[in-house]
Amino acid sequence: MENSRRQSLLPSFLYSPSSFSYTPKTLAVPESTTVLPATQPSANKSFLIPAPSEPGKIEMYSPQFYAACTFGGILSCGLTHMAVTPLDLVKCNMQIDPAKYKSISSGFGVLLKEQGARGFFRGWVPTLLGYSAQGACKFGFYEFFKKYYSDLAGAENAAKYKTLIYLAGSASAEVIADIALCPFEAVKVRVQTQPGFARGLSDGLPKFVRSEGTLGLYKGLVPLWGRQIPYTMMKFASFETIVELIYKHAVPKPKNECSKPMQLGISFAGGYVAGVFCAIVSHPADNLVSFLNNAKGATVGDAVKKMGVLGLFTRGLPLRIVMIGTLTGAQWGIYDAFKVFVGLPTTGGVAPAAPADSEVAKV
């Protein structure tokens, strides 16, 4: 019967099938039936928390839960990255050719003059598909690894070292997510920074493979990890921390008493602030990714030599802060909005709970 119950909203380290017996609604027992006394809770045993029955709700940490998080990640990353394609296009060209694309405003002017309004969305297909794949893995595996590492750590350590769990879970998820993103990112950068190379993904992908081979699609994987892993670690850990601080110090009532629109507003605000930090820590690697995917046979040494160490940290940074801040805020807003839509709680705002014997004993 335990397998049929929905799990508790608390992490699974707070319940165990080997704990005390639970017999709901015992009204009468035939005389021929032997009844065993319920096991009394003891200090050396874990406690079982009966999960609530909520018809129509998605079971936390079930395959359906992870599927919902994965789909939410597709929506949040794919749609937002596609929407900021014009900003990304100018940013990539400022990184590759700063003499021509001297500023944000002049960059848009150059693109408009040379390619027309349609040129602002060049490369939107590999952007949409690549970041949808990345978002699916990023958010879906983050929820999985966060739960997995919390279970490994145990209740007390999960609460004590929650930030380390956020960092480890997000880093693990991003390693997988970038493998999915890398081929699309390589084609996207080439299409956006080399006019005439290809119209988009359909002709750009085979042309890229003919030129540099299939493995060439993953030439930028290590720099991509260098950009995205610190970015995602900052994105998730700072978001969780910022949202928790907002509920603790800026909101006069507990999270579960806040309206859903208010919770989603906090998700967007926390995501925007986290995005600013993300842009700063990941910008040098972003410059490397753009440089390596633009030039055939280019190396990291070539990039450092041409751009300089200072250039790696500063070239295109103001635009990227605006872009990533907005992007990250919108991603968390969309992701949590989808979770609310399917009946799941929004992300963050509550520290991991440690087991309380006195409360469990009352169950």
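Residues numbered from 1 in each chain as written. Predicted model: local features only at pLDDT ≥ 70, side-chain atom pairs only at ≥ 80, totals over all residues. Heavy atoms only, no water.

A. Quick peek at the overall build of the protein chain. From N to C terminus, the protein chain includes twelve helices and zero strands. Taking all 363 residues of the protein chain together, the buried fraction comes to 48%. Summed over all atoms, the accessible surface of the protein chain reaches about 17,500 Å², with 65% contributed by carbon and sulfur. (Helix = DSSP H or I, 4+ residues; strand = E, 2+ residues; numbered from the N terminus. Buried < 20%, exposed > 50% of the residue type's maximum accessible area, 1.4 Å probe, protein only. Areas by Shrake-Rupley, 256 points an atom, 1.4 Å probe, with all protein chains shown as cover.)

B. Summary view of the confidence of the model for the protein chain. Of the residues in the protein chain, 81% have a pLDDT of 70 or more, and the chain-wide mean is 81. For the protein chain, per-element mean pLDDT is lowest for helix H12 (residues 357-361), which scores 35, and highest for helix H4 (residues 124-153), which scores 96. Here residues 1-55 scores under 50 on pLDDT; set against residues more than four positions off or in separate chains, the count is 72 contacts. In this model residues 351-363 is a low-confidence stretch, pLDDT under 50, and it forms 19 contacts with partners more than four residues away in sequence or in other chains. (pLDDT = per-residue confidence, 0-100. Contact = heavy atoms within 4.5 Å.)

C. Region of the structure containing the pattern of salt bridges. On inspection of all chains with the given rule, the structure shows 16 salt bridges. Its salt-bridge partner being Glu 143, residue Lys 339 comes within 3.5 Å of it at the nearest N-O pair. Placement of Lys 339 in helix H11 (residues 317-341) and of Glu 143 in helix H4 is noted, with a sequence separation of 196 residues between them. For Glu 143, a relative accessible area of 5% translates into the label buried. In this structure, the salt-bridge partner of Glu 240 is Lys 146, at a minimum N-O distance of 3.1 Å. Of this pair, Glu 240 sits in helix H8 (residues 221-250) while Lys 146 sits in helix H4; the two residues are 94 residues apart in sequence, bridging distant segments of the chain. Of the two residues, Glu 240 and Lys 146, neither departs from the other in class, the shared state being buried. What emerges from the salt-bridge pattern is a single network uniting Asp 88, Lys 91, Glu 185, Lys 188, Arg 227, Asp 286 and Arg 320. (Salt bridge = Lys/Arg side-chain N within 4 Å of Asp/Glu carboxyl O.)

D. A look at the side chain of Lys 146. Residue Lys 146 is classed as buried on the basis of its relative accessible area, which comes to 18%. Only 3.1 Å separates the side chain of Lys 146 from the side chain of Glu 240, close enough to count as a polar contact. (Polar contact = N/O pair within 3.5 Å; in protein donor to acceptor, adjacent residues only side chain to side chain.)

E. Looking closely at helix H10 (residues 300-314). Compared with an ideal rise of 1.5 Å per residue, which puts 15 residues at 21 Å, H10 spans 17 Å between its outermost C-alpha atoms and falls more than 12% short. A maximum bend of about 90° is found in H10 at Gly 308. Looking at the packing, one finds that the buried side of H10 touches helix H2 (85-96) and helix H9 (260-294). Looking one or two residues past H10, Gly 316 carries a phi angle of roughly 80°, positive in sign. (Expected span 1.5 Å × (residues − 1). Bend = angle between axes of the 7 residues up to and from the residue.)

F. Region of the structure containing the packing of aromatic side chains. In this structure the tally under the stated criterion is 19 aromatic pairs. Centroid distance Phe 338 to Phe 341: 6.4 Å. Interplanar angle 35°. Geometry classified as tilted. Here Phe 341 and Phe 338 lie together in helix H11, a separation of three residues that amounts to about one turn. Over the ring of Tyr 61 we find Lys 147, and its NZ or CZ is 4.9 Å from the ring centre. Over the aromatic face of Phe 197 sits the side chain of Arg 190, whose NZ or CZ is 5.5 Å from the ring centroid. (Phe/Tyr/Trp six-rings, centres within 6.5 Å; stacked < 30°, edge-to-face > 60°. Lys NZ or Arg CZ within 6 Å of the ring centre and 35° of its normal.)

G. View of the packing of H4 against helix H6 (residues 162-193). Direction vectors running N to C along H4 and H6 enclose 170°, while the axes themselves pass 6 Å from each other. The pairing of H4 with H6 is recorded here as roughly antiparallel in orientation. Per-class residue counts for the contact of H4 with H6 are 19 nonpolar, eight polar and six charged. (Axes fitted to C-alpha atoms, helices over the stretch in contact; angles between N-to-C directions. Parallel < 35°, antiparallel > 145°, perpendicular 65-115°, else oblique. Nonpolar A, V, L, I, M, F, W, Y, C, P; charged D, E, K, R; others polar.)

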